[in-house]
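Residue-level listing of the chains:
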Amino acid sequence: MSKPIEAFIFDLDGVITDTAEYHFLAWKELAKDIGITFTKEDNEELKGISRMESLEKILKLGGKENDFSKEEKEQLAAKKNEHYLTLIQNITPDDILPGIKPLIEEIKKHGLKLGLASVSKNAIAVMESLGLKDKFDVIVDAAKIQHGKPDPEIFLTAAKLLNVETAACIGLEDAAAGVDSIKGAKMFAVGVGSEETLRKADIVYSKTELLSYGNIIREFEGA
Ligand code: B16
Ligand code: MG
């Protein structure tokens, strides 16, 4: 028998809103500038991974991991972020993915706590544009952690700040690295995306519109 549920902890990019697509477009253009072909499939590997680690993976993909100095890499990452910032400029509450608002409302209605675990340095700005920042009890972003996903630190920190035990938390993720982070924190993991990529999750929904509070709680209680 599991503990009674106390909190839901959401990933941002790819779960609450589709900024994953904007990250992809910005990386694709940067990769092209330096002569690397970067596909949507390659992008799967970057989901939930920090900005600098993402750049390192792209350089490796193109066999250019030793071609740039630390300063040059920082410039490349900054260039990608500038482009990304222009892409997310027009984000509004209409960009909240289907099924997320009703799920958040159910969570609130049941008096549960709500946390965000995003490794994005732009998380607070995006949450503000979506009109969701004040609904969350805790936002853990890149500024609050040392180790990104798949390390469990980000979900552990969210649980700690919410003052709940990890066994009483449900984490939601669209990335394999994020699911590893949730499971490393010993939480119940809800995956959004493909079963194959997210096979370590306790339950997987192919799209956010299929997320159901009742169903998630039943699975959590049965785990
Ligand atoms: P930034 P999440 C992650 O956010 C994205 O999934 C990942 O693709 C991105 O590289 C990372 O944020 C860093 O983002 O460049 O804005 O700091 O999925 O943890 O919400
Ligand atoms: Mg994500």
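Residues numbered from 1 in each chain as written. Chains lettered and ligands numbered in written order. Predicted model: local features only at pLDDT ≥ 70, side-chain atom pairs only at ≥ 80, totals over all residues. Heavy atoms only, no water.

Novice: I'd like a description of the domain arrangement of the chain, backed by residues and values.
Specialist: Looking at the chain, the domain boundaries give domain 1 (7-17 + 93-222) and domain 2 (20-90). Using only C-alpha atoms to locate each centre, domain 1 and domain 2 end up separated by 24 Å. With 12 residues of domain 1 at the contact, the number on the domain 2 side is 13 residues. Around 980 Å² of area is buried between domain 1 and domain 2 when both sides are counted, 48% of it from carbon and sulfur atoms. Inspection of the region where domain 1 meets domain 2 yields 0 salt bridges. Here the side of domain 1 that touches domain 2 is built from residues that sort into 4 nonpolar, 3 polar and 5 charged. (Domains from an automatic or database assignment. Contact = heavy atoms within 4.5 Å. Buried area = accessible area lost by both parts, 1.4 Å probe. Salt bridge = Lys/Arg side-chain N within 4 Å of Asp/Glu carboxyl O. Nonpolar A, V, L, I, M, F, W, Y, C, P; charged D, E, K, R; others polar.)

Novice: Break down the coordination of the magnesium ion (ligand 2) for me, citing the residues and quoting the values.
Specialist: Taken together, Asp11 (OD), Asp13 (O) and Asp174 (OD) make up the full set of protein donors to the magnesium ion (ligand 2), lying 2.0 to 2.2 Å away. Spacing between the donor residues of the magnesium ion (ligand 2) along the chain follows D-x1-D-x160-D. With relative accessibility at 4%, the residue Asp11 sits in the buried group. Owing to a relative accessible area of 14%, Asp13 belongs among the buried residues under this scheme. (Donors = N, O, S within 2.8 Å, 3.2 Å for Na, K, Ca; no water. Buried < 20%, exposed > 50% of the residue type's maximum accessible area, 1.4 Å probe, protein only.)

Novice: Break down helix 5 (residues 100-109) for me, citing the residues and quoting the values.
Specialist: Regarding helix 5, the residues found buried are Ile100, Leu103, Ile104 and Ile107. Projected onto a plane normal to the axis of helix 5, the buried residues spread over an arc of 100° and lie on a single side. Exposed residues lying more than 90 degrees from the buried face of helix 5 are Glu105 and Lys109. Looking at the buried positions of helix 5, the neighbouring elements they touch are strand 1 (7-10), strand 2 (113-117), strand 4 (169-173) and helix 9 (213-222). Where helix 5 terminates, the next one or two residues include Gly111, which has phi positive at roughly 70°. (Helix = DSSP H or I, 4+ residues; strand = E, 2+ residues; numbered from the N terminus. Arc of directions from axis to C-beta.)

Novice: Residue-level account of the pattern of salt bridges, with values.
Specialist: Under the definition given, this model contains 12 salt bridges. As a salt-bridge pair, Lys200 and Asp180 come within 3.1 Å of each other at their nearest N and O atoms. You can see Lys200 sitting in the loop between strand 5 (188-192) and strand 6 (203-205) and its partner Asp180 sitting in helix 8 (residues 176-184), a full 20 residues away along the chain. Under the relative-accessibility criterion, Asp180 is labelled partly exposed at 27%. Several salt bridges converge on common partners, so that one network encompasses Asp11, Lys149 and Glu173.

Novice: So what's going on with the site of ligand 1? Which residues, and what values?
Specialist: Neighbouring ligand 1 are 17 residues, the closest being Ile49, Arg51, Ser118, Ser120 and Lys121. At 2.8 Å from an oxygen atom of ligand 1 is found a main-chain nitrogen or oxygen belonging to Gly48. Within the backbone of Ile49, a nitrogen or oxygen atom sits 2.7 Å from an oxygen atom of ligand 1. If ligand 1 stood free it would expose 460 Å²; the protein chains cover 97% of that surface. A class-by-class count of the residues in the shell around ligand 1 yields 4 nonpolar, 6 polar and 7 charged. Counting contributing residues per domain, the shell around ligand 1 is built from domain 1 (7-17 + 93-222) and domain 2 (20-90), each supplying no fewer than three. (Near = heavy atom within 4 Å. Polar contact = N/O pair within 3.5 Å; in protein donor to acceptor, adjacent residues only side chain to side chain. Areas by Shrake-Rupley, 256 points an atom, 1.4 Å probe, with all protein chains shown as cover.)

Novice: How would you summarise the pairing of strand 2 if you had to cite specific residues and measurements?
Specialist: The side chains of a regular strand alternate, first on one face of the sheet and then on the other. Most of strand 2 is tucked away: 4 of the 5 residues are buried. In this sheet, strand 2 lies alongside strand 1 in parallel orientation, the contact comprising 4 bridges. Along strand 2, the bridge assignment pairs Phe8 with Leu114. Note that strand 2 and strand 3 (residues 138-140) share 3 bridges and pair parallel. Within strand 3, the position partnered with Gly115 by the bridge is Val138. What joins strand 2 to strand 3 is helix 6 (residues 123-129), and the crossover it makes is right-handed. (Pairing = 2+ DSSP bridges. Right-handed = clockwise from strand over helix to strand, strands pointing away.)

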